[in-house]
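A look at the structure
Each chain, letter by letter, is given below.
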Amino acid sequence: MNRLPLEGIRVVDFGQIIAIPFAAQILGWLGAEVILVESSQHMTNRALPPFADGVVGVNRSAACNLMHSNKLSLVLNLHDPDGVELARKVISISDVVLENFATGTIDRLGLGYEEARKLKPDIIYLSLGAFGRSGPMKDFVGFHSVINAFSGLAAATGYPEGHPRILGGIFPDPLSGSYSILGILQALYHREVYGEGQYIEVAMTEALTAMMPESVAEYTMNGRDAERVGNRDKEKAPHNIYRCKGDQKWVAISVSLDSQWGSFCVAAGKPEWASDLRFIDAGQRLANQDVLDSLIEGWTLNYEPYKITEILQHVGVPSFPALDSLELLKDRHLIDRGFIAWTDHPETGWRPIDNVAWKIDGKRPVEYPRAPLLGEHNLYVLEELLGFSKSKIQRLVRSETLV
Amino acid sequence: MHLGALSKLRVVEYGAQYAGSYCSRLLADAGADVVKVETYDGDHARFRGPFPDHIENTDWSGLHLYLNANKRSVSLDLSENNDASLFSKLLVESDVLVLNYSVAVLDRLRLRRDHLKEINPKLIVTAITPFGLTGPYSNYVGDDLIAISAGGFAYASPGIPDMVSDPDQEPPLRANENIGEYLAGIQAATATMAALIKRRFTGEGCEIDVSYQEAVAMVMTWDISHASYVEPKNRSPYVFGAMPNAYLPCKDGYVVMAAFLGHQWNKVVEMMGRPDWSQLEIFADPGERARNWDALEPLIMEWTLQYTGDEIAKKARSEGVPCFPAYTVAQMVESEHVIERDYLWSFDGPDGQVFKLPGFPIRMQGTPWNIRRLAPKLGQHNKEVITEWLGHSSEEKNLTGKEYE
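Just so it is clear, the structure is predicted and the values come from calculations on it, not from any experiment. (Residues numbered from 1 in each chain as written. Chains lettered and ligands numbered in written order. Predicted model: local features only at pLDDT ≥ 70, side-chain atom pairs only at ≥ 80, totals over all residues.)

1. Section: the domain arrangement of chain B
For chain B, the domain assignment lists domain 1 (10-221 + 344-390) and domain 2 (245-326). Just the C-alpha atoms count here: the centres of domain 1 of chain B and domain 2 of chain B sit 43 Å apart. (Domains from an automatic or database assignment.)

Structural data, given as structure tokens:
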């Protein structure tokens, strides 16, 4: 039966920048009808570079078009009382509301959970904040580097002689967005049986701290703070990212079993390393990592990363190139699996886009309509979903509501 | 206490890495009845630690306590006929099977949908593998380091406002935690929920194919969107197009500070005691400050190095400039904010000590996640689960392995 899991579910997306737009997009991919509520008076990712062909425009931002695919755009001004009233009407015909304004903003607008559940008693309402919606830091502005710094994850990233490092990818945003999706799906599953909605809260700092159980356990069990070990590991050696032939090309290699080490040495054409007492077992390899790593890099420098990977994976040794984002889009495995999809767009043309990380029965369970133009679906929402008359819509258009 | 959104769900987990364990933990916290099937050697997380006083103890490994809370443990050797048959019987009673072995092992043990649907057509099989069940690299092996690298996260790190000082010599970077495994676990739990919702309509099970590489690449959406629209930024010393959005050394560590907007910049130069700089042409706007960052950075550092991270952050925030010191894990754990939100989950250690682990990143008000039991001992629930799920009396069960308490 070719049915998407969230068909028939309507989502209101009040998302800003990345975390909630990311989450709402995936709910859309899974079949929900997602109404993106936005305003030309307060644009977030539509105003972010890069823009297609370097030409600035509200429909040309990469962050917008690749994080709002499969949504409907409803432009309305939440500073206008009629705009808020319209938003309330949209909530009253929806199943899920998502927001990540600064703490308190959505409540001041009269669109918070307590109001929303009056409009739709079984609404599922998710609120995401940098530090959460309670506690002494609930009002702090939390850009991603602050989240990295507060959660302690930066302290567990970097080199022994160096300083805490900030991870890339604006990681706290898609991570907390991912947890949000899981929470929404569990709430929908529950609502199906019990008929009740609920409020869900996600804090970006807490999402990041959930990634670091070993550091937290080491501190609370033994009072020791996180160790920075570069790319090394306490159990495995070699375990690092090595320079390869080419301009800034790198390959990751991870050996945990002594048998893998034996295979590594043979495949690399260095049988003498296998009998070298400095590397004879994991304990020795861990103790002699500096010399081990420099010997290995002496070998990897002769080959391209994919070639090293082919040589090592052939004998069952974990290895893969450390890909950059452009290489991800070109990786033949990801393309073969359909992880890289393409969307067309009237202003920006065909562009590659990533997918969900799973297939079901061999297929990607998602659909990919393009991102909406700013305000493209105002008429659909007002006329078809809310049943407004033509004259009422005309009045709204003339006022300051739909901007 | 509410039983949780998934209280009627039965899950069997069988895996050799951490992603499968984290996936089923995310279902268990929401109320699912999760049976962790372990080999007689026990799950690897039992040996990973960290351990109290650094003494190996397979019941008190920190990672095991984290990944396997709320589960029951049944020890089976699937190469033994009796155990394999018990495993099949458990699957008849299950809604979800979470697998985390390589494709080769899954095929050998016939743990693929084609075979399992004969046993239970409604079973949702969630198979988590490094590179997925199909494609040219599906037989490749990998762990967290490989996943973080293959999914583009290592190359993207360190990320703005931190930066690589020497792109030719400084390799892509991984955090000292198994983030790639956990990402695969989150995406697997999400896919499983989507499949469970769909099963309400179809009545049929399915096979979910989750790839570590894709689970990491999926959250690199920001970098992928850049690559999709322009050539990706290279790793050469690189500044954000607007400054200061910076990571700066201070007296006792580092601070992150975002003060690229005009009014923020004016506050910063006031705090630095150099209000006249707001008139300087070379620092006139965010773009100019980025272009002249090599000149500006040392000037700001002269100021930041005189103060502690907390002093700078407090001062900056009182002026409306987002700023924060890089916390150690200790500072985070002991912070007023974390304590007031009661985020960390506390439990008693073997000698009555209080240990803490990260709590619930999803706070569901109607069906709150909860901890109902600590991580199990190996095989602790052999009798209990078999009696409860299969209705056998304990005498009838015939495990090949040794008996546990």
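From this point on, the discussion continues.
2. Focus: the sheet that holds strand S3 (residues 71-75) of chain B
If you trace the seven strands from one edge of the open sheet to the other, you get S12(A)-S6(B)-S5(B)-S4(B)-S1(B)-S2(B)-S3(B), paired in mixed fashion. Each edge of the open sheet carries a strand with a single partner, namely strand S12 (358-360) of chain A together with S3 of chain B. Between one strand axis and the next, the sheet turns through 20° on average, direction left out of account. Of the strand pairs in this sheet, strand S1 (residues 10-15) of chain B and strand S2 (residues 33-38) of chain B are connected by five bridges, and their pairing is parallel. Each residue of the ladder has a partner; that of B:Tyr14, found in S2(B), is B:Val37. Where helix H1 (residues 18-28) of chain B meets the sheet, its contacts fall on S1, S2, S3, strand S4 (96-100) and strand S5 (124-129) of chain B, and the angle it forms with S1(B) comes to roughly 165°. (Pairing = 2+ DSSP bridges. Helix = DSSP H or I, 4+ residues; strand = E, 2+ residues; numbered from the N terminus. Axes fitted to C-alpha atoms, helices over the stretch in contact; angles between N-to-C directions. Contact = placed C-beta atoms within 7 Å.)

3. Let's talk about the domain arrangement of chain A
Assigned domains of chain A: these are domain 1 (10-210 + 337-398) and domain 2 (239-322). Distance from the C-alpha centre of domain 1 of chain A to the C-alpha centre of domain 2 of chain A: 43 Å.

4. A look at the confidence of the model for chain B
All names here are of chain B. Residue-level pLDDT values for chain B average 92, and 94% of them are 70 or greater. Confidence drops under a pLDDT of 50 for residues 400-405, and excluding neighbours within four residues, the segment shows 13 contacts in the predicted structure. The ipTM for the predicted assembly is 0.98, set against a pTM of 0.96. (pLDDT = per-residue confidence, 0-100.)

5. Side note on the environment of A:Ile335
Residues and elements named next belong to chain A. Inspection of the secondary structure puts Ile335 in helix H16 (residues 332-336). Overall, Ile335 belongs to the partly exposed group, with 15 C-beta atoms counted inside 10 Å. Distance from Ile335 to Glu384, taken between C-alpha atoms, is 38 Å for residues 49 residues apart in sequence. (Buried ≥ 20, exposed ≤ 12 C-beta atoms within 10 Å, placed from the backbone.)

6. Focus on the interface of chain B and chain A
Taken together, the contacts link 115 residues of chain B with 119 residues of chain A. If you tally residues by element for the side of chain B that touches chain A, the top one is helix H9 (residues 179-202) of chain B, at 16 residues. Of the residues belonging to the side of chain B that touches chain A, the class tally is 72 nonpolar, 24 polar and 19 charged. Sheet topology places strand S6 (residues 198-203) of chain A next to strand S12 (residues 363-364) of chain B; two bridges connect them, and they run antiparallel. By the bridge assignment, A:Glu201 is partnered in S12(B) with B:Arg363. (Nonpolar A, V, L, I, M, F, W, Y, C, P; charged D, E, K, R; others polar.)

7. Let's talk about the nonpolar core
With 248 residues, the main nonpolar core has A:Val11, A:Leu27, A:Ile35, B:Leu27, B:Ile208, B:Val210 and B:Val216 as its most contacted residues. The greatest single-element share of this core, amounting to 13 residues, is contributed by H9(B). (Core = buried A, V, L, I, M, F, W, Y, C linked by C-beta atoms within 7 Å.)

8. Quick look at helix H6 (residues 144-151) of chain A
Burial runs high along H6(A): eight of the eight residues are buried. For H6(A), the set of buried residues is A:His144, A:Ser145, A:Val146, A:Ile147, A:Asn148, A:Ala149, A:Phe150 and A:Ser151. Contacts made by the buried residues of H6(A) are with helix H7 (172-194) and helix H8 (204-209) of chain A together with strand S7 (245-250), strand S8 (253-258), strand S9 (323-325) and helix H16 (329-334) of chain B. Once H6(A) finishes, A:Gly152 follows within two positions and takes phi at roughly 95°, a positive value.

9. Looking at helix H4 (residues 81-92) of chain B
One turn of an α-helix holds 3.6 residues; hence residues three or four places apart share an orientation. Residue and element names in this part refer to chain B. If you check H4, its first and last C-alpha atoms are 17 Å apart, about what twelve residues at 1.5 Å a residue would give, namely 16 Å. Of the positions making up H4, those classed as buried are Asp83, Leu86, Phe87 and Leu90. Buried residues of H4, seen end-on, are gathered within an arc of 105° and therefore sit on one face of the element. Looking at H4, the residues exposed on the side facing more than 90 degrees away from the buried face are Asn81 and Val92. (Expected span 1.5 Å × (residues − 1). Arc of directions from axis to C-beta.)

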